Amino acid sequence: MIIMAPVLLILLGATEILQADLLPDDKISLLPPVNFTIKVTGLAQVLLRWEPNPDQEQRNVNLEYQVKINAPKDDDYETRITESKCVTILHKGFSASVRTILQNDHSLLASSWASAELHAPPGSPGTSVVNLTCTTNTTADNYSHLRPYQVSLHCTWLVGTDAPEDTQYFLYYRYGSWTEECQEYSKDSMGRNIACWFPRTFIHSRGRDWLAVLINGSSKHSAIKPFDQLFALHAIGKDEHKPLREWFLIVLMATICFILLILLLICRICHLWIKLFPPIPAPKSNIKDLFVTANYEKAGSVETEIEVISYIEKPGVETLEDSVF
């Protein structure tokens, strides 16, 4: 026991030293990420990317990053990787910040912020479109097995209040990785595009991705400011009655009626209905029996009287039968 005591003390001391090396030190200095960039990767979509600070002391700790979206809408989240995708409108510009963080059970350690910014696209005020609205319409596509339902897209807008008369607008949409430019426009009295129609799109009828729509323009007199907007599909959710569903209901009802008819025929042929539901005998009526008995007795008495009368002969009168000799 005397020999074991020093060994236990040594083991406990080594364990404490090891835990001290593994646990984060409150005095550790966190440095901000470097090479923070914002890159536009699609309509209303950016990629944020950064690198860990090369001078950051690791000390066997797991560093995380806090991302803060400053504009156009405030948002923040945490991540362990060094890049992040963000879906947002860009016609108002975009700016974000990122910093290194280290969390433990007692406190949160954080570095200073590293920031980057995308400026708003150029254009004269009042020249972008206003009141942009879009709707989708889902119809059955009987000619495609991979996409049984086809989604169309229809968007309308108003011309900017300060847009020149020769302004012409052009619409694009993005859904997932697909981007398309409109080919079918409706025009106002001055020949300016004010509506767009996509009879067939790459939009999934039950998808969860955002629908991004961008409208830019051109004019000989001023720069037209672009406008983009995000739509949730469930909010612009117009489904026509699908023929496949209607045919399914019709076939189902016909099948049920056919099965019921077959069962009725089987029951009739095998007399199962009478066996399952035998008729209940009606109770005898004493009054009816009495009436039948009285009629029977009366009829019997009349017949007796007739027979008696037929055999009565008058006295002194002999009835002879004619005979031939």
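The protein chain is annotated in an unreviewed UniProt entry as Interleukin 5 receptor subunit alpha from Mandrillus leucophaeus.

Another aspect to go through is the sheet that holds strand β1 (residues 34-42). Taking strand neighbours across the sheet as the criterion, the 3 strands line up as β1-β2-β5 in an open arrangement whose pairing is antiparallel. Of all strands in the sheet, those bounded by a partner on one side alone are β1 and β5 (83-87). Sheet twist, expressed as the average angle between the axes of neighbouring strands with direction ignored, equals 20°. In this sheet, β5 lies alongside strand β2 (residues 45-51) in antiparallel orientation, the contact comprising 5 bridges. Residue pairing in the sheet places R49 in a bridge with E83 of β5.

In a soluble, globular protein the nonpolar side chains are often hidden away together inside. Judged by nonpolar contacts, the single largest core of 25 residues is most densely connected at L132, W157, Y169, L171, Y173, L211 and V213. Among residues more than four places away in sequence, those in contact with V213 are L132, C134, L171, Y172, Y173, F227, D228, Q229 and F231. In terms of nonpolar packing, the next biggest core, distinct from the first, is built from 15 residues, F36, L48, L90 and A116 among them.

A few words on the state of the cysteines. This structure, assessed with the given rule, holds 2 disulfides. Along the protein chain, the cysteines engaged in disulfide bonds are linked according to the scheme 1-2, 3-4 when indexed in sequence order.

As a general feature of sheets, a regular strand has side chains that alternate between the two faces. For β2, the buried fraction is high: 5 of the 7 residues fall into the buried class. Where β1 meets β2, 6 bridges bridge the pair, whose relative direction is antiparallel. In the sheet register, K39 faces β2, and the bridge partner there is L47.

Right, let's get into a negative patch on the surface. Taken together, the side chains of D74, D75, D76 and E78 present a region of like negative charge at the surface. Mapping D74 onto the fold places it in the loop between β3 (64-71) and β4 (75-79).

A word on the pattern of salt bridges. Applying the stated rule across the entire model yields 3 salt bridges. Here E83 makes a salt bridge to R49, at a shortest N to O gap of 3.2 Å. Within this pair, whereas E83 is found in strand β5, its partner R49 is found in strand β2, the two being separated by 34 residues in sequence. A residue is classified by how much of its surface remains accessible, and E83, at 35% relative accessible area, is partly exposed. Judged by its relative accessible area of 42%, R49 falls in the partly exposed class.

The rules behind these values
Every chain's residues receive numbers from 1 upward, in the order its sequence appears when written. Totals for whole chains, interfaces and linings use all residues, but because this is a predicted model, local features are given only for residues with pLDDT of at least 70 and pairs of side-chain atoms are given and counted only at 80 or more. Side-chain numbers come from the whole structure's heavy atoms, not from hydrogens or water. Here the rule is simple: two strands pair whenever DSSP picks up at least two bridges between them. Numbered from the N terminus, helices here are DSSP runs of H or I no shorter than four residues, and strands are runs of E no shorter than two. Helix axes use the C-alpha atoms of the stretch in contact, all axes being lines fitted to C-alpha atoms, and the angles between their N-to-C directions lie in the range 0 to 180 degrees. What we call a nonpolar core is a set of buried Ala, Val, Leu, Ile, Met, Phe, Trp, Tyr and Cys residues that are connected through their side-chain atoms within 4.5 Å. When accessible area is computed with a 1.4 Å probe and restricted to protein chains, residues below 20% of their type maximum are described as buried, those above 50% as exposed, and intermediate ones as partly exposed. We call two residues contacting when some pair of their heavy atoms lies within 4.5 Å. Criterion for a disulfide: a pair of cysteine sulfur atoms at a distance within 2.5 Å. Patch criteria: residues need more than 30% relative accessible area and no salt bridge. Like-charged residues are merged within 9 Å; nonpolar side chains of Val, Leu, Ile, Met, Phe, Trp and Tyr are merged within 5 Å. The accessible surface values rely on the Shrake-Rupley method and a 1.4 Å probe; as for residues, cover is taken only from the protein chains in view. Every case where a carboxyl oxygen of Asp or Glu lies within 4 Å of a side-chain nitrogen of Lys or Arg is listed as a salt bridge. For the charge count, each Lys or Arg is scored as positive and each Asp or Glu as negative, with His and the chain ends excluded. By convention, the charge on Lys lies at NZ, on Arg at CZ, on Asp at CG and on Glu at CD.

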